[in-house]
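Coordinate analysis (summary)
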Amino acid sequence: MGFEDFIREIKSSLGEDILLGEVEKYSRDMWPLAILLEKLGAWRARPAAILAPRSVEEISLIVRKAGEHGVCLVPHGGGSSVTGASAPRDDCVLLTLSRMKRVLDFNPEDLVVTVEAGILLSELEEWLNHRGYTLRHVPQSFHLASVGGCIATLCSGQYSTGYGGIEDIVVNLEVVLPWGEAVWARSINTPRSSMGPDIKQIFIGSEGAFGIITKAALRVLPIPRHRVEASFQTPDFEKGLLAVRELMVTGLTPALARLSDETESLLRFGREKPVLLLLYESNYEDVLETIWRRAREVVEKKGGEYVGEEPYRKWISSRFNYEEDIKLIESMGLWFETLDIAATWSKLPQVDRKIKKALESLEEKPVVMAHASHFYITGASLYYTVLYRKDPELYWNIVETFMKTAEEVGATLSHHHGVGILKRKWIQRDPGASATILEKIKKTLDPKNVLSPPGLSSP
Ligand SMILES: Cc1cc2nc3c(=O)[nH]c(=O)nc-3n(C[C@H](O)[C@H](O)[C@H](O)COP(=O)(O)OP(=O)(O)OC[C@H]3O[C@@H](n4cnc5c(N)ncnc54)[C@H](O)[C@@H]3O)c2cc1C
């Protein structure tokens, strides 16, 4: 009984190579504070051990044995969480799905692909593109994030306005539960089912605390044949938001929409006014022409000025260059955090104004810029990049001010980054019922805390 016996039994059942020795590689995720602390020599987290199973049967065995020996596990996908959700715990074993990347089934008639959860989003997209299909799910971490991790964090990609977040793409899930049993949320793939609650939703966004996602059935689409890529300048950020609102409520939903505020527009596009990027796609050229003509009319009526394709092209060709952005920030002697929230249309303008005002009133003012890139009929997400002097104390001061203000104005404190270590304090004091229900689900499913990721459900 205990950690040593657990490792011995796992090695004897699954072979020596079930253990990985790459402790440094798994010492943190992509939470900017963890990277900063590592640079300052103050990040000490390391996994107790790393296990890399090859099948759902191996995961079931590991989870069952972990329960028997009182060992805790932290599931791990691509390690790209930006909230510390996949940071290791030195008292737990990290379980990586990096050896489980197979495409298991593809049914073009039903438009469903079934994969092992460790496959990266970019690997799956490449596989689909070769066959003329797409997932249309491209977060900026496209080359880093796994399908399982993306589902576990309720992630959202650049085409979410047109094609939905990951919750709209998942058709079915296989999970290994905290006692080791592997189950599918539904025994068959159907577009929808009202045979009781939609159980898969409990695992979408659960950050590995309720079960280990081992397989996913996902809906795909044929790659659309025609597209219009467009850019506008809007008089100000608020008017830009109003223009996109008009598109959303009049049925002119773009495949992709991205509105940068003045500061971000200046830095990214060298333009002083907010830049709005739009993508429209269709399989029919005439349909596309009509929708695009109407969309352009709507944006121009709201004060937008069409500025051609160039800003869109600039963004699309640099959209994964986050490493260069980080180097640039460091060259200015600064560090960064990105904070993602969402609110309804009536609240968005004041959310933005109040957050910027609150951060500007800090004694040591950070540089703040925002964009909106996930739009809905009822509202949108706002995404803030905050640049500050490399100081962890200053960091928490900024985050506290940000969260407090966003909470007061009525925004959700996470739109797609999930909870992790960064936001766990706020979910626990959420006055709504969800924190209580989550706690009860956790206690029921996993009374021994076998699954112990450091964020959601962690004390
Ligand atoms: C440069 C950059 C850009 C990003 N852009 C976006 C973006 O555009 N949109 C967005 O939504 N996010 C973005 N993110 C955040 C991050 O990529 C997402 O949260 C992503 O979904 C995490 O996937 P992952 O496989 O890396 O998960 P990990 O970081 O490995 O894990 C995240 C959480 O999920 C759990 N988990 C992982 N795999 C499983 C599994 N199979 N079963 C159960 N639990 C599991 C872990 O325990 C952890 O709690 C970005 C991150 C970076 C670094």
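From a predicted model like this one, the values you see are computed outputs, not experimental measurements.

Our next topic: the sheet that holds strand 4 (residues 92–96). Spatially, four strands are ordered 1-2-4-3 in an open sheet, and the strand pairing comes out mixed. Every interior strand has two partners, whereas the edge strands, strand 1 (19–20) and strand 3 (72–76), have only one.

For the rest of this paragraph, the subject is the domain arrangement of the protein. Each domain of the protein was delimited in the assignment, giving domain 1 (3–98), domain 2 (109–222), domain 3 (226–318) and domain 4 (324–418). Here the C-alpha centre of domain 3 lies 29 Å away from the C-alpha centre of domain 2. At the junction of the two partners, domain 2 supplies five residues and domain 3 supplies five residues. Per-class residue counts for the side of domain 2 that touches domain 3 are two nonpolar, three polar and no charged.

Let's shift gears to the site of the ligand. Taken together, the neighbourhood of the ligand is formed by 39 residues, with Gly77, Gly148, Gly149, Cys155 and Gly208 sitting nearest. Elements with a contribution of two residues or more to the shell around the ligand: strand 3, helix 5 (147–152) and strand 10 (212–219). Here the shell around the ligand takes four residues from helix 5, the largest share from any one element. Grouping the constituent residues of the shell around the ligand by class yields 17 nonpolar, 20 polar and two charged.

Once that is clear, we can look at the packing of helix 14 (residues 348–360) against helix 15 (residues 392–409). Relative to each other, helix 14 and helix 15 sit at 150 degrees, their axes nearing to 9 Å. One element, helix 14, and the other, helix 15, form an angle in the roughly antiparallel class. Crossing geometry of helix 14 relative to helix 15 is assigned as right-handed. Taking contact as the criterion, the partners of Gln350, Val351, Lys354, Ile355, Ala358 and Leu359 in helix 14 are, on helix 15, Ile398, Thr401, Phe402, Thr405, Ala406 and Val409.

Two elements in contact, helix 1 (residues 3–14) and helix 3 (residues 56–69), have axes whose closest approach is 10 Å; the angle formed by their N-to-C orientations is 155 degrees. One element, helix 1, and the other, helix 3, form an angle in the roughly antiparallel class. Read as a crossing pair, helix 1 and helix 3 show a hand that is right-handed. Contact with helix 1, carried on its side by Asp5, Phe6, Glu9, Ile10, Ser13 and Leu14, involves Glu58, Leu61, Ile62, Lys65, Ala66 and His69 of helix 3 and no other residues of that element. Across the contact of helix 1 with helix 3, the residue classes break down as six nonpolar, two polar and four charged.

Let us now look at the pairing of strand 14 (residues 275–282). Among the eight residues of strand 14, six are classified as buried, and the element is accordingly described as predominantly covered. The pairing of strand 12 (residues 226–233) with strand 14 spans eight bridges and is classified as antiparallel. Within strand 14, the position partnered with Gln233 by the bridge is Val275. In this structure, strand 13 (residues 256–260) lies alongside strand 14, joined through four bridges in antiparallel fashion. By the bridge assignment, Arg258 is partnered in strand 14 with Leu277.

Before going further, it helps to examine the sheet that holds strand 12. Strand order in the open sheet formed by seven strands is 15-12-14-13-17-18-16, and the pairing between neighbours is antiparallel. Of all the strands in the sheet, just strand 15 (305–308) and strand 16 (334–344) have a single pairing partner and so form its edges. Each adjacent strand pair in this sheet contributes to an overall mean axis angle of 25 degrees, direction not counted. Both strand 17 (residues 367–372) and strand 18 (residues 379–389) contribute to a ladder of five bridges, which runs antiparallel.

Judged by nonpolar contacts, the single largest core of 62 residues is most densely connected at Ile151 and Ala216. Inspection of this core shows a minimum of three residues originating in each of domain 1 (3–98) and domain 2 (109–222). In this view, Ala216 contacts Val115, Ala117, Val147, Ile151, Val170 and Leu173; residues no more than four positions away in its chain are not counted. With 58 residues, the next largest nonpolar core counts Phe269, Ala342, Ala343 and Tyr388 among its residues.

With respect to the element layout, Leu177 can be found in the loop between strand 8 (170–176) and strand 9 (182–184). Given 18 C-beta atoms within a 10 Å radius, Leu177 is considered partly exposed. Taking the C-alpha atoms as reference points, Leu177 and Val419, 242 residues apart in sequence, are found 21 Å from one another. In this structure Leu177 touches Val183, Gly211 and Leu445, once residues within four positions along its chain are discounted.

What follows covers helix 10 (residues 262–269). Of all the positions in helix 10, only Glu264, Ser265 and Phe269 are classed as buried. Down the axis of helix 10, the smallest arc covering the buried residues is 100 degrees, so these residues share one side. Tucked into the core, helix 10 has its buried residues touching strand 13, strand 14, helix 12 (310–318) and strand 17. Following helix 10 by one or two positions, Gly270 has its phi on the positive side, about 65 degrees.

Of all eleven residues that make up strand 18, eight are buried, and the element is covered over most of its length. Across eleven bridges, the pairing between strand 16 and strand 18 is antiparallel. Across the sheet, Thr338 pairs through a bridge with Thr385, a residue of strand 18. Turn length for the strand 17-strand 18 hairpin, with the two strands adjacent in sequence and antiparallel, is six residues.

Calculation rules
- Residues numbered from 1 in each chain as written.
- Predicted model: local features only at pLDDT ≥ 70, side-chain atom pairs only at ≥ 80, totals over all residues.
- Pairing = 2+ DSSP bridges.
- Helix = DSSP H or I, 4+ residues; strand = E, 2+ residues; numbered from the N terminus.
- Domains from an automatic or database assignment.
- Contact = placed C-beta atoms within 7 Å.
- Nonpolar A, V, L, I, M, F, W, Y, C, P; charged D, E, K, R; others polar.
- Near = placed C-beta within 6 Å.
- Axes fitted to C-alpha atoms, helices over the stretch in contact; angles between N-to-C directions.
- Parallel < 35°, antiparallel > 145°, perpendicular 65-115°, else oblique.
- Left-handed = near helix turned anticlockwise from the far one by under 90°.
- Buried ≥ 20, exposed ≤ 12 C-beta atoms within 10 Å, placed from the backbone.
- Core = buried A, V, L, I, M, F, W, Y, C linked by C-beta atoms within 7 Å.
- Arc of directions from axis to C-beta.

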